[in-house]
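# Close look at the chain arrangement
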Amino acid sequence: MNKTLFCLALLVLCVVLFQTSSAEKEAKEHKSQKFIDDLCDKCSYCKTDPDCEGCSRCSECKTRRQEGCRFCRKDEEENDCVKRCKKGCRICSGLKSCKDGE
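Residues numbered from 1 in each chain as written. Predicted model: local features only at pLDDT ≥ 70, side-chain atom pairs only at ≥ 80, totals over all residues. Heavy atoms only, no water.

## Focus: the environment of Glu 77
- The residue Glu 77 is located in the loop between helix H1 (2-48) and helix H2 (78-93) in this model.
- Residue Glu 77 is classed as exposed on the basis of its relative accessible area of 58%.
- Remark: the alpha-carbon pair of Glu 77 and Ser 56, spanning 21 residues in sequence, is separated by 9.2 Å. (Helix = DSSP H or I, 4+ residues; strand = E, 2+ residues; numbered from the N terminus. Buried < 20%, exposed > 50% of the residue type's maximum accessible area, 1.4 Å probe, protein only.)

Here it is as structure tokens:
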């Protein structure tokens, strides 16, 4: 009787632990997928503006979601924006994560 009760309790414990760990795994996958999606969104900008010409219009940008405003920051010089844009696009050219989703 004691062995049966012990085995049953052990089985229930294993089931509870397995469900908890799989829920945590799904949450981690969701966060990492969001990160990759955001990164690929930035990389897709590089295809539309490979020379980072959008940085010349940063003073006109109200949000970063506007066309050509992806790498613009408030009160930033155009040269700094171009440097950051080109660096970001250089990183994107070597990523496999975004190319797999195309």
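## Digging into the nonpolar core
- One finds Cys 55, Cys 58, Phe 71, Cys 72, Cys 81 and Cys 85 to be the most contacted residues of the largest nonpolar core, which totals 13 residues.
- Elements that contribute at least two residues to this core include exactly H1 and H2.
- Ranked by residues supplied to this core, first place goes to H2 with four residues.
- Setting aside chain neighbours within four positions, we find Cys 58 in contact with Cys 72 and Cys 81. (Core = buried A, V, L, I, M, F, W, Y, C linked by side-chain atoms within 4.5 Å. Contact = heavy atoms within 4.5 Å.)

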